[in-house]
Amino acid sequence: MPVAAKVALIVVAVLVVLLIVLVIVGRNLQKKQEASSGQMEAMAQTMSMLVIDKKMMKLKDANLPKIVLEQTPKYLRGSKVPVVKVKAGPNIMNLISDAKIFDQIPIKTEIKAKVSGIYIMEILGSRGKVKEEPKKKGFLDRFKKEK
């Protein structure tokens, strides 16, 4: 057997083993994420709040409780998260928003939102959900004919 065939066989074997390991790790992470989202749904409650400001901030600069920073891994403390400053009752606090709904949150208006701890999971209007903004068209989509 030539040397090139042996090297190719070893490379293919390593890639197959690597693919199997990634699939197993991905399944485990997906199970953990589903379990945590189930817990968050169980703990969620509807709150009425006035949105003062929203912005993407570093986690360490967001004025969140100390326990949040202590539980966050050190390599993620500098990452930017969607932070929403709200007034809920007499308290002014900073909450973390879901990245999917961050753009839909209106500023300087009162909203109802589903909140779990300091995490805004979903925005509810007075008559159901807040309308989603239409997705921007891509460059090539602009030239396609609409039927």
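Residues numbered from 1 in each chain as written. Predicted model: local features only at pLDDT ≥ 70, side-chain atom pairs only at ≥ 80, totals over all residues. Heavy atoms only, no water.

Draft legend 1. Just the overall build of the chain, in detail. Of the regular secondary structure elements, the chain holds two helices and six strands. Going residue by residue from the N terminus, the α and β elements of the chain occur as α-β-α-β-β-β-β-β. Taken along its principal axes, the extent of the C-alpha atoms in the chain is 80 × 55 × 30 Å. Per-residue burial over the chain gives 20% buried out of 147 residues. Of all intrachain contacts in the chain linking residues separated by at least 6 positions in sequence, the fraction that spans at least 24 positions is 56%. Accessible surface, the chain as shown: approximately 11,800 Å² in total, 60% of it carbon and sulfur. In the chain, 28 positive and 13 negative side-chain charges are present, and the distance between their average locations comes to 5 Å. (Helix = DSSP H or I, 4+ residues; strand = E, 2+ residues; numbered from the N terminus. Buried < 20%, exposed > 50% of the residue type's maximum accessible area, 1.4 Å probe, protein only. Contact = heavy atoms within 4.5 Å. Areas by Shrake-Rupley, 256 points an atom, 1.4 Å probe, with all protein chains shown as cover. Lys, Arg positive; Asp, Glu negative; His and termini not counted. Charge placed at Lys NZ, Arg CZ, Asp CG, Glu CD.)

Draft legend 2. Highlighting the pairing of strand β4 (residues 110-116). Sheet topology places strand β1 (residues 45-58) next to β4; six bridges connect them, and they run antiparallel. For Q45, the partnering residue across the bridge sits in β4 and is V115. Alignment of β4 against strand β5 (residues 119-125), held across five bridges, turns out to be antiparallel. Residue A113 lies in a different strand from β5, and its bridge partner there is I123. Connecting the antiparallel pair β4 and β5 is a turn made up of two residues, with G117 showing a positive phi of about 70°. (Pairing = 2+ DSSP bridges.)

Draft legend 3. Unusual backbone geometry, seen in detail. The phi angle at N63 is positive, at roughly 55°, despite the residue not being glycine. Mapping N63 onto the fold places it in the loop between β1 and α2 (66-71). A positive phi angle is found at K108, which is not glycine, with a value near 60°. Topologically, K108 is positioned in the loop between β3 (91-97) and β4. By relative accessible area, which is 68% here, K108 ends up exposed.

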